[in-house]
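Single-letter residue listing:
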Amino acid sequence: AQSVTQPDIHITVSEGASLELRCNYSYGATPYLFWYVQSPGQGLQLLLKYFSGDTLVQGIKGFEAEFKRSQSSFNLRKPSVHWSDAAEYFCAVGLYSGGGADGLTFGKGTHLIIQP
Amino acid sequence: NAGVTQTPKFRILKIGQSMTLQCAQDMNHNYMYWYRQDPGMGLKLIYYSVGAGITDKGEVPNGYNVSRSTTEDFPLRLELAAPSQTSVYFCASSHPTSSSGEQFFGPGTRLTVL
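Once a new chain begins, its residue numbering starts again from 1 and follows that chain's sequence as written. Each chain is given a letter, starting from A, and each ligand a number, starting from 1, according to the order in which they appear as written. Reporting in this predicted model follows two pLDDT cut-offs: at least 70 for local features of residues, and 80 or more for side-chain atom pairs to be given and counted; totals over whole chains, interfaces and linings ignore these cut-offs and use all residues. By convention in this description, side-chain values take in all heavy atoms of the structure and omit both hydrogens and water.

Asks: Residue-level account of the overall build of chain B, with values.
Replies: A run of DSSP states H or I qualifies as a helix once it reaches four residues; a run of E qualifies as a strand once it reaches two. Both are numbered from the N-terminal end. Check the secondary structure of chain B and you find 0 helices and 11 strands. Only C-alpha atoms enter the radius of gyration; for comparison, a globular chain is expected to reach 2.2 Å times N to the power 0.38, where N is the number of residues. Over its C-alpha atoms chain B spans a radius of gyration of 13 Å, differing by no more than 12% from the 13 Å that the globule rule assigns to 114 residues. Projected onto its principal axes, the C-alpha positions of chain B cover 40 × 30 × 25 Å. Think of it in three bands: residues with accessible area under 20% of the maximum for their type are buried, residues over 50% are exposed, and the middle band is partly exposed, with areas taken using a 1.4 Å probe on protein chains only. In chain B, which comprises 114 residues, the share counted as buried stands at 46%. Pairs of residues are marked as contacts when any of their non-hydrogen atoms sit within 4.5 Å. Residue pairs in contact within chain B that sit at least 24 positions apart in sequence constitute 55% of those at least 6 positions apart.

Okay, structure coming up:
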């Protein structure tokens, strides 16, 4: 069965500093990879996705992520964080085959705290 | 487009009561999903549907039922509420021809069972 690991439950970063959130997956094939952000009391918003092609993908709000097949990783990065980036971040994987649609498997999330 | 809408936003149930969580989407998406999110955890798939009249179980289906009579609506039914069903429930949808498989999420329903 597929699984997603986000090793960091909480991360604290100073405003203006760089950020990297880790995500590792276990899957039988190359999955579709996603990063979602959830602000308190809100639903999930897609930051970026990877399914093929260039392994460095750009997303919204200045985020990017790099797919590394050899490490089964899909880490999220941002060069300079803003106080508004404080939120919960979820990595997710999915496998879409044969025209069908399976649900996504989510990691447990990383809570990002921004220090002034 | 309203996207994915969910009602109610909040609900408190007593043990043994039943209720239906409503979900609707106006994007003409064939695929719809129900997830639950427990504190400190990621989302877990309860049920999903690939089109009207077709539903299938996800990772945690016990205690829930779904139906899909139209493309737009995908209600989730709790028949005998239990404290273990206290959670935040998210509905999502996606388009079958989207090669990226992106899912669009509703704002969630926060359910407490006492």
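Asks: Residue-level account of the side chain of Thr105 of chain A, with values.
Replies: Residue and element names in this part refer to chain A. Among the structural elements, Thr105 can be located in strand 11 (residues 105–106). The exposure class assigned to Thr105 is buried, which follows from its relative accessible area of 17%. In contact with Thr105, not counting residues within four places along its chain, are Gln2, Ser3, Val4, Cys91, Ala92 and Val93.

Asks: Go over the nonpolar core with me, naming the residues and quoting the values.
Replies: Residues and elements named next belong to chain A. Throughout this description, the term nonpolar core refers to a set of buried Ala, Val, Leu, Ile, Met, Phe, Trp, Tyr and Cys residues connected via side-chain atoms within 4.5 Å. With 27 residues, the main nonpolar core has Leu19, Trp35, Leu47, Leu48, Phe74, Leu76 and Tyr89 as its most contacted residues. Contributions of two or more residues to this core are made by strand 2 (10–14), strand 3 (19–21), strand 5 (32–38), strand 6 (44–50), strand 8 (64–68), strand 9 (73–78), strand 10 (87–94) and strand 12 (110–115). Sequence-distant contacts of Leu19, that is, excluding residues within four places in its chain, are made with Ile11, Val13, Phe63, Leu76, Arg77, Lys78, Val81 and Leu112.

Asks: Would you mind going over the interface of chain B and chain A in detail, with residue names and values included?
Replies: Facing 20 residues of chain B, the contacting portion of chain A comprises 21 residues. Buried area between chain B and chain A, summed over both chains or domains, comes out near 1600 Å², and the portion from carbon and sulfur atoms is 57%. Basic side-chain nitrogens of Lys or Arg form a salt bridge, by our definition, when they fall within 4 Å of a carboxyl oxygen of Asp or Glu. Between the two partners, chain B and chain A, sit 0 salt bridges. Polar contacts, as used here, are pairs of N or O atoms within 3.5 Å; protein pairs need one atom able to donate a hydrogen and one able to accept it. Residues neighboring in sequence count only if both atoms are side-chain atoms. Across the contact surface, chain B and chain A share 3 residue pairs in polar contact (both at pLDDT 80 or more). Contributions of two or more residues to the side of chain B that touches chain A are made by strand 4 (31–37) and strand 5 (43–51) of chain B. Ten residues, namely Ala, Val, Leu, Ile, Met, Phe, Trp, Tyr, Cys and Pro, are considered nonpolar, four, namely Asp, Glu, Lys and Arg, are considered charged, and the remaining ones, Gly among them, are considered polar. Looking at the side of chain B that touches chain A, its residues break down into 11 nonpolar, 8 polar and 1 charged. Defined in terms of a 1.4 Å probe, buried area is the accessible area two parts forfeit on being brought together, summed over both.

Asks: An account of the state of the cysteines is needed here, citing residue identities and associated values.
Replies: Simply put, the disulfide is a covalent bond whose two ends are the sulfur atoms of two cysteines. Cysteine sulfur atoms that come within 2.5 Å of each other are treated as a disulfide pair. All told, the structure shown has 2 disulfides over all chains when counted by the stated rule. Each sulfur in the disulfide pair Cys23 of chain A and Cys91 of chain A lies 2.0 Å from the other. On the sign convention where negative is left-handed, the bridge of Cys23 of chain A and Cys91 of chain A, at about -65° about the S-S bond, is left-handed. One end of the pair, Cys23 of chain A, is in the loop between strand 3 and strand 4 (24–26); the other, Cys91 of chain A, is in strand 10, with 68 residues separating them in the sequence. Of the residues examined, Cys23 of chain A reaches a relative accessible area of 0% and is grouped as buried. Sulfur-sulfur distance for the disulfide between Cys23 of chain B and Cys91 of chain B comes to 1.8 Å. Measuring the twist about the S-S bond at about -70°, one finds the Cys23 of chain B-Cys91 of chain B disulfide to be left-handed. Of this pair, Cys23 of chain B sits in strand 3 (residues 19–25) while Cys91 of chain B is found in strand 9 (residues 87–94), placing the two residues 68 residues apart along the sequence. Cys91 of chain B shares its class with Cys23 of chain B; the two are buried.

Asks: Account for the confidence of the model for chain A, naming residues and giving values.
Replies: Here pLDDT means the predictor's own confidence in every residue, given as a number from 0 to 100. Mean pLDDT over chain A: 89, with 94% of residues reaching 70 or higher. At the low end of the mean pLDDT range in chain A sits strand 11 of chain A, at 89; at the high end sits strand 3 of chain A, at 98.

Asks: I'd like a rundown of the environment of Trp34 of chain B, residues and numbers included.
Replies: Residues and elements named next belong to chain B. Examined against the element boundaries, Trp34 turns out to sit in strand 4. Put simply, Trp34 and Pro61 are 27 residues apart on the chain and 9.7 Å apart in space, counted from C-alpha to C-alpha. From its side chain, Trp34 meets the backbone oxygen of Phe74 in a polar contact 2.6 Å long.

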